[in-house]
Structure formats: structure tokens, C-alpha cells
Amino acid sequence: MEFVLRLLQFIVKIVYNIVYIVLAVLFTRKKDEKIPAIKDRLVTIPLVDIVELMRTKRLTSQELVKAYIERLKEVNPHINAIVEDRFEEALTDAKRADDLIFKCANSQLPQLYARYPLLGIPFTVKEACGLKGMSFVVGSLQRVDTKAKRDCIAVENLKSAGAIPLLVSANPEYCFSIETNSYTNGKCLNAYDFRRTCGGSSGGEGALNGSGATLFGIGSDIAGSIRIPSLFNGVFGHKPTGGLIPNIEVFPSSDDEECNQYLQTGVISRFGSDLGLILHIMAGEHARKLEFVHPIETKDIKIFYSLGFSGLNGICHYGVTAEIQIAILKAVKCLQQSGLTTQIANIKGLENSTEIAFSGIARLKKLPLLMDENTSVKELLQELMKSYVKKSKYTKEGLTFELLRRTNAFMNSEKLMKYKEEGQKLKQEIINLLGNDGVLFFPTFPVPAIHHHTSSLAQWGIDYSLLFNILGLPCTHIPMGVDADGMPVGFQVIAAPFKDKLCLQIAGALEMAFGGWTPPVKHAFS
């Protein structure tokens, strides 16, 4: 354990404790500050059911695409999640899909859908996950007018399956924040409470999914960037096994082998039952590694669970709220009653979680930097101070993350390698514990959605999620309703490498038991 790093973490914890309480008490939500209620039942139907409706010609792609475009136009003025849309092009794509379907004889439809399993299905894409010809600015003033030169692998595979991209959504500057607030697109808001952030870095996708404005979205995750927005917006989010999907045209990334393990393209959806189908198609030729053809019964999965960090490590961290801990215990009890084996996880290697997690990010020397590589730490600190009074062209959240990297997370090179070795041992400890049929329930983040402009403080707790990027383990965030303030709560499920299907199986089971996504506003037709 590193004294300077942990002292800073503990001080920030105390400050954030005060800030979190003060903001919650002083600022009350206005009753009329809500997104419009969903009026069209079509946008409440899961993907697996939509596909069945379309392949039996009871629903057209144009009807579906129009419904989602209308919903997007309704909610975006309230949440500011869209960077650039392609609505007109999507409607053209939808007509082309319908023509293909309706010209096809019923007897030939199985072959058509075998080739194009998502024919005519709309989806949305995080700006940092390249969509050819669309904005690739990634929240940076230095990248204004940059366009993606090609599709990232996940998007390419989805389009090859017949799916139709609608837009690219907001992310923070260089994706270096758990809050989506950039100088190029402004502040992205949380549909459950406009005073709070939608998270980051896949914040736009989180906000759109939480608002019921997209069937599913593609995001990227290097430090919780899919799971944290999923928590904050009350939806499902899956980060695949490290190295599963190549990071071509995903920003920021590098050819560093560790980066390829940590950073993964994944999916955000309101419906846990849809995750397996989407992931299978996103992964393309790499999907065989996930062994979806060999299913496992839910009753045969072993559950290990933890309510957070313990001991001195727990004291240094901001504590997990009671509502999130209760969500984990409710899920455990439910699965116990269904006959699953459950057990408290005693993982010794978690004691240095912060050091293992932060040292992993510090080792990514080839990952793009905000400022020139010759910039000194002193100059970076000066720029950070300027950012707090809006005199910098960089965001304070991005600069804070950059400071952590430039200082090697306040560790020397020897320590960085020491904690790399500890991480490898921890990974093996977890793999030995879980085996081929076990999963771990663990908090995604210690608190529900945080207030705007507090992420620089809250960022010191990202090892709840970042740690499992460093270890390369698959994780799925599962929504478990809302707390007393109406904010979504939930937790993540972790499995051994390439055992993603276990996480998705549990997501489906808990969705059936607890209902999954809770809309921020009651549907107009309810």
C-alpha cells in the first residue's frame, strides 16, 4: 500500500463526504424537471422480440426507426446526449431493409435472417467508437471537425448483420472522466435527476438508454466507462473479456498489449435478455471464444459476493451506500431461493486494489495525452488551476486524469511493476475462486449518480470498476431498481476470462426477478 496515494485518497474521501451531503441537502429537484413520458409502446419492446416481429413481417424497419427517431427528438433537448445524427440516412437504410424482407418469400426468411440477424434494427454509437464519416472529436477542442475514417470492429460487425446506426453520442474529453461534460458538446444530463451526471465515459449512451431513446448502444470501457453510466442511468451494461474485440478506430487506444486487455468495446441496453445476442454479433469471428453454443443452466452457477473493500483499504475508500449493498443482498437471497449456491467472497489480493488499478493506467505510456508530452507536472498543475476558472481549453476532469498518469499515480517505476505482478496474482486468485461456473457480485461504484462537477473527487473510487479492466475479466452491470431519492442502484457481476455468458445468464435471471430497467418517468400508456 502506497502512503502518499492512500493519504490523498483518504483526504478526498473526507472532502467528498461533505460535498455529497451538502449538494443533496441544498439543491432540491424541481418537480417539473423531467423528460417526456414514453408514448409509443414500440420503444419498450426488447430486441429479441423486435427481431421476431420483423422476421414474421408484423413490424417494419421504417416503423421501428421512425419510433426511435421521434423518441430521440423528444428527449435530447432535455439530456443533450447527441453529438451528430444520421436520421435521414437511417430512414433510407430502413426502407432498403424492408424492401429486402418483403421481397423475400416466407420460406426464404430463415436464410435471410441467418445472414443478417439484425436486419433493419436501429442502434446508437458512442462517439469514441468510430462510425465511418461521423464525428470523431471525442469532446476535444483540439479534434474539432475530425471524422471517423472507418467503423470500429463492433460497429462494422453490427452493420454487417444488417443493423442501422442512428447517431454518435456524447463522451467527455478524450474519455478521461466519469462525467460527460465537454467544451465541444456541453453537459450531458441524467434523465432521473438533471442535477446529476449521466456518468462517463459512455455517458451519452447511458443517458439515451436510461431515457428509453435507443434499443441498445455501443460504448467502450477502460475504467468502468460502460458500467458506471449503466449504474447512473439504471440500465444493463457489459464489458467483455479483455482482448476479445480489437480496438481498431476506438479512441483513445494504443497498440500497447496492456491497453488491448484493459480497453474493450461493449454494449449498453435496457434489456438484460438482449445482451447475449448483441455481444455475439459484435464479437464477430471472436465470438467462438465465448462458447455460447455450450449453454449453462442458471441453477448450476455458483455465486460469490462482496459488499465492497474491507480493512484499511475499505477505510481509505468512500463507503458503498446501504442501498447498493442491499441490492446485492437481495439478488443473493433471490438466487439462494432458486437453489443456487452462494458464498461470501474472501479475496485477499483486493487489499491493494487502488495501487493495482491506478498503476495499470499509469503504465499505458502510448495512450494519447491531452497536453504535449514534454509538459511538466508543474505546467500541468497550472493548467488544472486555470481549468477551475474556465481559462483552459482542457476540462478539469481530463487534466485530473492526466495528472494521475503523468505522476505514475504517485509511484516510481519499480512500484508500477510490483503492482503489475500483484495484479497477475489477484487475477489468478479470482479465477481459481470462480472456476468455470462461478461469478462474483461486487459494487460497480460506491454511490448512485453523482452531482455535476464532482467527478474529480469521485474519480478516486473508480477502482471498484477499473480493477477488473486491469485484470481483463468480463463484467456486467445489473440494475436493481431505485433508491429513496429515485436514483438507480445496482451492481456488477464478474466472471473468469471468456466466461461472459455466465454474467449475461445472471443478468437475464435477475431481470426476470426484479424487472431490470425502471423508467425515470412512468409511461404515458401505463
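Note that residues are indexed from 1 along each chain, following the sequence as it is written. Thresholds applied to this predicted model are a pLDDT of at least 70 for local features of residues and 80 or more for the giving and counting of side-chain atom pairs; totals over whole chains, interfaces and linings are not thresholded and use all residues. The basis for the side-chain values is all heavy atoms of the structure; hydrogens and waters are excluded.

K.L.:
What is the right way to look at unusual backbone geometry in this model?
P.N.:
Most peptide bonds take the trans configuration, and most residues that are not glycine carry a negative phi. Backbone torsion omega between glycine 200 and serine 201 reads 5°, so that peptide bond is classified as cis. The way it works is that DSSP assigns letters per residue, a run of H or I at least four long becomes a helix, a run of E at least two long becomes a strand, and they are numbered from the N terminus. In this structure, serine 201 sits in the loop between β7 (193-197) and α7 (203-210). Following phenylalanine 251, the chain continues to proline 252 via a peptide bond in cis, the omega torsion being -5°. Along the chain, proline 252 turns up in the loop between β9 (236-239) and α9 (257-262). Positive phi outside glycine occurs at asparagine 80, with the angle close to 55°. As for its position among the elements, asparagine 80 is in the loop between α3 (61-79) and β1 (82-85). Unlike most non-glycine residues, histidine 453 shows phi in positive territory, near 70°. Only protein chains enter the accessibility calculation, which uses a 1.4 Å probe; a residue is then buried when its area is under 20% of its type maximum, exposed when over 50%, and partly exposed in between. Looking at histidine 453, the relative accessible area reads 39%, which means it is partly exposed.

K.L.:
Looking at this model, I keep getting lost on the nonpolar core. Mind explaining?
P.N.:
A general feature of soluble globular proteins is that nonpolar side chains tend to end up buried together. For this analysis, a nonpolar core means a set of buried residues of the types Ala, Val, Leu, Ile, Met, Phe, Trp, Tyr and Cys, connected via side-chain atoms within 4.5 Å. In terms of nonpolar packing, the biggest core is built from 174 residues, with Leu118, Ile121, Phe216, Phe441, Phe445, Phe468 and Ile506 touching the most fellow members. If one sorts the elements of this core by residue count, α3 sits on top with eight residues. Other than its neighbours up to four places away in sequence, isoleucine 121 contacts Leu47, Ile50, Val51, Met54, Leu64, Gly162, Ala163, Ile164, Leu215 and Phe216. Contacts are residue-level and defined by heavy atoms, with any inter-residue pair within 4.5 Å sufficient.

K.L.:
In this structure, what is going on with the side chain of arginine 143? I would like to understand it.
P.N.:
Here arginine 143 is to be found in the loop between β2 (122-126) and α6 (153-160). In this structure arginine 143 is buried but unpaired, with glutamate 249 as the nearest side chain of opposite charge at 6.9 Å. Beyond its immediate sequence surroundings of up to four residues, arginine 143 is in contact with Phe136, Val137, Val138, Tyr174 and Phe251. Residues scored as positive are Lys and Arg, those scored as negative are Asp and Glu, and His as well as the terminal groups of each chain are ignored. Only one rule defines a salt bridge in this text: a Lys or Arg side-chain nitrogen within 4 Å of an Asp or Glu carboxyl oxygen.

K.L.:
In this structure, what is going on with a nonpolar patch on the surface? I would like to understand it.
P.N.:
Candidate patch residues must exceed 30% relative accessible area and have no salt bridge, after which like charges are joined if within 9 Å and Val, Leu, Ile, Met, Phe, Trp or Tyr side chains if within 5 Å. Only the protein chains shown count as cover for residues, and the accessible areas themselves come from Shrake-Rupley with a 1.4 Å probe. Together, Met1, Phe10, Ile14, Ile18, Ile21, Val22, Val25, Leu26, Leu312 and Ile315 make up an exposed nonpolar region whose accessible area comes to about 940 Å². At the level of secondary structure, the elements contributing two or more residues to the nonpolar patch comprise α1 (3-26) and α11 (311-316). As for its placement among the helices and strands, valine 22 is situated in helix α1.

K.L.:
Is there a simple way to explain the packing of helix α13 (residues 353-362) against helix α16 (residues 413-434) in this structure?
P.N.:
Two numbers describe a pair of packed helices, the interaxial angle and the distance between the axes. Axis definition: a line fit to C-alpha positions, over the contact stretch in the case of helices; interaxial angles, taken between N-to-C directions, run 0 to 180 degrees. Close contact between α13 and α16 brings their axes to 9 Å; oriented N to C, the two are set at 120°. On the basis of their axis angle, the class for α13 and α16 is oblique. Along this stretch, α13 crosses α16, giving a crossing that reads as left-handed. Residues Glu355, Ile356, Ser359 and Ala362 of α13 lie in contact with α16, whose contacting residues are Leu416, Tyr419, Glu422, Gly423 and Leu426. Each residue is assigned to one class: nonpolar for Ala, Val, Leu, Ile, Met, Phe, Trp, Tyr, Cys and Pro, charged for Asp, Glu, Lys and Arg, and polar for all the others, Gly among them. Its residues placed into classes, the contact of α13 with α16 shows five nonpolar, two polar and two charged. Any angle that is under 35 degrees is reported as roughly parallel, and any over 145 degrees as roughly antiparallel; angles of 65 to 115 degrees are reported as roughly perpendicular and all others as oblique. Left-handed is the label given to a crossing in which the near helix is rotated counterclockwise from the far helix by less than a right angle, and right-handed is the label when the rotation is clockwise.

K.L.:
I'm lost on the pattern of salt bridges in this one. Help?
P.N.:
Opposite charge on two side chains permits them to pair, given that their charged atoms come into close proximity. Tallied over the full model, the rule gives 21 salt bridges. Residues arginine 150 and glutamate 156 are paired through a salt bridge, measuring 2.9 Å at the closest nitrogen-oxygen approach. For arginine 150, a relative accessible area of 28% translates into the label partly exposed. For aspartate 193, the salt bridge identified is with arginine 195, shortest N-O distance 2.6 Å. For the residue pair aspartate 193 and arginine 195, the accessibility class agrees, reading buried in each case. Salt bridges sharing common partners tie together Lys39, Arg71 and Glu74.

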